[in-house]
Amino acid sequence: MKFCNRPFDSVYLAPDGEVWPCSWMHCIIGNVYENNLDEIWKSTEAQKARDSIRDGSFAFCRKMSCPFLERDDLPDLPENEFKQSAVASETPLFMNIANDRICNIACTTCRTSIYCPEKGEREKIDNALERLIPFANKAKSISLNGQGEFLANPSFIKFLQVLRPERKEEFQLSVETNGILFDKAHWEKFSHLSKYNIQVNVTVNSLKREIYRYLSGGFDHMDKVKSNLRFLSELRREDKINQLSVVMVVQESNFWEIPEYVQTLANSGEFAVDQITLRPVYRWFGMEDETYWFKNILNPLHPYHKEYLKILADDCWKDPKVYDWGCHNIREAMPHPLKQEEVYRKILSKVYNNEERLSPTEYLKKCVDRLGARRIGFYGKNEFSLEFAKLLKETGVEVFQLTWVPEDCEEDFPKVAKQEFKPDMADAMLIIDFFKGGYWFKDLKALGFTGPVLTVEEFV
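Our subject in this report is the structure included herewith. (Residues numbered from 1 in each chain as written. Predicted model: local features only at pLDDT ≥ 70, side-chain atom pairs only at ≥ 80, totals over all residues. Heavy atoms only, no water.)

### A word on the sheet that holds strand β15 (residues 453-455)
Reasoning step 1: Read from one edge to the other, the open sheet built from five strands follows the order β13-β12-β11-β14-β15, with strand pairing classed as parallel. With one partner strand each, in any of the chains shown, β13 (415-417) and β15 form the two edges of the open sheet. Strand-to-strand twist across the sheet, computed as the mean angle between neighbouring axes with direction ignored, equals 30°.
Reasoning step 2: Sheet analysis places strand β14 (residues 428-431) next to β15, joined by three bridges and oriented parallel. When the bridges of β15 are listed, leucine 430 appears paired with leucine 454. (Pairing = 2+ DSSP bridges. Helix = DSSP H or I, 4+ residues; strand = E, 2+ residues; numbered from the N terminus. Axes fitted to C-alpha atoms, helices over the stretch in contact; angles between N-to-C directions.)

Structure below.
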């Protein structure tokens, strides 16, 4: 069976105090602002995440962003070895601490503006990091900070200054940074950790000034980033850090330069880079549908897709330093989001102007009766989805809204998060927002649901 160790030995600390088994698993197992990490690690929700690996469903995993699933890199273990491995460690051995959105730029794949923390947020982060120190000292690996820039927040520097790893020979520190602040002055604040294994991952989405500035949200730090890459390269040559990786988020404006990018960083001799990670753009951080569509050149319907295929054929991908996160995994053809609006108009026309001259509620009542359903769950967060679900509710059927993660209930519908869903909760499931809802056809099956899963078009 395919095995992933993450729920058994790892935690990911997300913003707002949420704790996940890993950053690619839609399953909140607790909150460090409310509970001790030891309680969270032994919680019922943590057990649900582990069970999803044990039963082979991977029901909570983001199959289109996890690098191990994208690359099919998970080990296939014999039954006896699987059972031995599927046991939780006493405390988390691998901690990915990414609970802070603070950053000094506004990359277009992450946000639309500089993030300003709400009142009291910094104090919560400080308190959480302080309470994590005993667990962090016992860990094999600590990773900072996939949500922002760890050097832009003194809380993380303080955390590193008091960190005293107990696993001296095997401890590893991995940091994610945009490179702007990773200079000598900042390095000296935590350089005492150089006796451990340190990996530095620098996200540089372009080496061309105009593209870099655009993808950084209008900030031009190209000269500073290159200077700091040279500084990091010197640390690498001196073995003060053990791995230097550079990351490009591949998208519509930078894929053209991939061959030159690889050549410059891997073979020019100017930089001591161990790995060049080329990663597709994902719809993370609340990215708008239209923004994602224009950035996602893995989509066969993107106007630049054919040009992208030419880049994929370049020999640069064969360079031993290149790590392809999933750039060759062409996505499902997805029309522009406005196409969805056209579909919605046709559905509304069919419901409101039906040949039987029924009211919208009466027409939908016939659709419900045809299914024989009395409890219907739906997925969709846009305006059409919510208004359609309100009409559905007027037929007398029980309606709830399916979400990726736990959220507060809205006035009109109860919400059921993916990790809280049970197969007997609904007679049928309705996918209204097709632009984001395609995952559910496989995910609901993985969660054990055997009833009909319909698009809104099929339903009407």
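Read on, since the account is not over.
### Remarks on the pattern of salt bridges
Reasoning step 1: The final tally for this structure, using the stated rule, is 31 salt bridges.
Reasoning step 2: Connected through salt bridges with shared partners, the residues Arg209, Arg213, Asp220 and Asp223 form a single ionic network. (Salt bridge = Lys/Arg side-chain N within 4 Å of Asp/Glu carboxyl O.)

### With respect to the packing of helix α6 (residues 121-138) against helix α7 (residues 154-162)
Reasoning step 1: Interaxial distance between α6 and α7 falls to 10 Å at its minimum, and their mutual angle equals 20°. One finds that α6 runs roughly parallel with respect to α7. Where α6 crosses over α7, the handedness of that crossing is right-handed. Across the interface between the two elements, Arg122, Ile125, Asp126, Leu129, Ile133 and Ala136 of α6 pack against Pro154, Ser155, Phe156, Phe159 and Val162 of α7.
Reasoning step 2: Its residues assigned to classes, the contact of α6 with α7 comprises eight nonpolar, one polar and two charged. (Parallel < 35°, antiparallel > 145°, perpendicular 65-115°, else oblique. Left-handed = near helix turned anticlockwise from the far one by under 90°. Contact = heavy atoms within 4.5 Å. Nonpolar A, V, L, I, M, F, W, Y, C, P; charged D, E, K, R; others polar.)

### Digging into the packing of helix α15 (residues 360-371) against helix α16 (residues 383-393)
Reasoning step 1: Close contact between α15 and α16 brings their axes to 8 Å; oriented N to C, the two are set at 80°. Accordingly, the angle class assigned to the pair α15 and α16 is roughly perpendicular. Contacts between α15 and α16 involve Pro360, Leu364 and Val368 on the former and, on the latter, Phe388, Leu391 and Leu392.
Reasoning step 2: Here the residues of the contact of α15 with α16 sort into six nonpolar, no polar and no charged.

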